Amino acid sequence: MRTPIRRSSLVRLLCERRAAGAELVEFAFILPMFLTLLVGVFWVGRAYNTYQTITRAAREGTRVAVTRSCALCGNTVTSNSVVRLAVTDALQASSLDPSKVTNNFSGSCPAGQSCDCPSGDICIIRDVPLNTGPPQEFGVVISFSYPFMFNLPFTTQNMATINIPTHVQMREEN
């Protein structure tokens, strides 16, 4: 003869099995979303790292562009090829390929400014006015873009390439 206690424990056991199955199904639905979010955070972090790296490389090039040679050497302006070399060296030091750099400058060079913006390369603009009031200050601007490929599974952004731009300006030294 069965007691009511055993019957209720049997019902409880069956309910627990059903709940465990429901939890497994819920986990199967949530796992891909959780992994996509986790991988997305990783790739956004890599994109930000690439942005910081190209900005640091542009800053290095701008620093080289604004410094002049010694006063005894003629106080000459650094050539654009030396500036580009400083940028490419900084990119290579961070394991980025300088050949992937593209020019993001669109438009013509304003009057009185020296623009060196070859297609597919680093854009260097000199004698850029930085302020309107006296004393008039001029600077150097370096800008370019670097491609970054997102690898975000289960989304439309999988293997999508975006161009990360950078634009750095610095006051010229006298």
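Residues numbered from 1 in each chain as written. Predicted model: local features only at pLDDT ≥ 70, side-chain atom pairs only at ≥ 80, totals over all residues. Heavy atoms only, no water.

1. As for the sheet that holds strand β1 (residues 114-116)
Turning to step 1, where the next piece is worked out: Read across the sheet, four strands follow the order β1-β2-β3-β4 without closing on themselves; strand pairing throughout is antiparallel. Strand pairing shows two members of the sheet lacking a second neighbour, β1 and β4 (161-171), which therefore form its edges. Adjacent strand axes in the sheet meet at a mean angle of 20 degrees when their direction is disregarded.
Turning to step 2, where the next piece is worked out: Strand direction decides the pairing type here: strand β3 (residues 138-149) and β4, joined by 11 bridges, are antiparallel. Paired with P147 across the bridge in β4 is N163. (Pairing = 2+ DSSP bridges. Helix = DSSP H or I, 4+ residues; strand = E, 2+ residues; numbered from the N terminus. Axes fitted to C-alpha atoms, helices over the stretch in contact; angles between N-to-C directions.)

2. Considering a nonpolar patch on the surface
Turning to step 1, where the next piece is worked out: Side chains of L24, V25, F27, F29, I30, L31, M33, F34, L35 and L38 sit close together on the surface and give an oily, nonpolar patch of about 1,000 Å² of accessible area.
Turning to step 2, where the next piece is worked out: As for its placement among the helices and strands, L24 is situated in helix α1 (residues 4-66).
Turning to step 3, where the next piece is worked out: A relative accessible area of 59% means that L24 is categorised as exposed. (Patch = residues over 30% accessible without salt bridge, like charges linked within 9 Å, V, L, I, M, F, W, Y side chains within 5 Å. Areas by Shrake-Rupley, 256 points an atom, 1.4 Å probe, with all protein chains shown as cover. Salt bridge = Lys/Arg side-chain N within 4 Å of Asp/Glu carboxyl O. Buried < 20%, exposed > 50% of the residue type's maximum accessible area, 1.4 Å probe, protein only.)

3. Here we look at the nonpolar core
Turning to step 1, where the next piece is worked out: I54, L91, I122, I142 and F144 are the most contacted members of the largest nonpolar core, which totals 25 residues.
Turning to step 2, where the next piece is worked out: When residues of this core are traced back to their parent elements, those giving at least two are α1, α2 (80-93), β3 and β4.
Turning to step 3, where the next piece is worked out: Here the element with the most residues in this core is α1; it accounts for eight residues.
Turning to step 4, where the next piece is worked out: Once residues lying within four places of it in the same chain are set aside, the contact partners of I142 are A58, G61, T62, V83, I122, C123, I124, T166, H167 and V168. (Core = buried A, V, L, I, M, F, W, Y, C linked by side-chain atoms within 4.5 Å. Contact = heavy atoms within 4.5 Å.)

Spatial relationships are all this shows, so hold off on functional conclusions.
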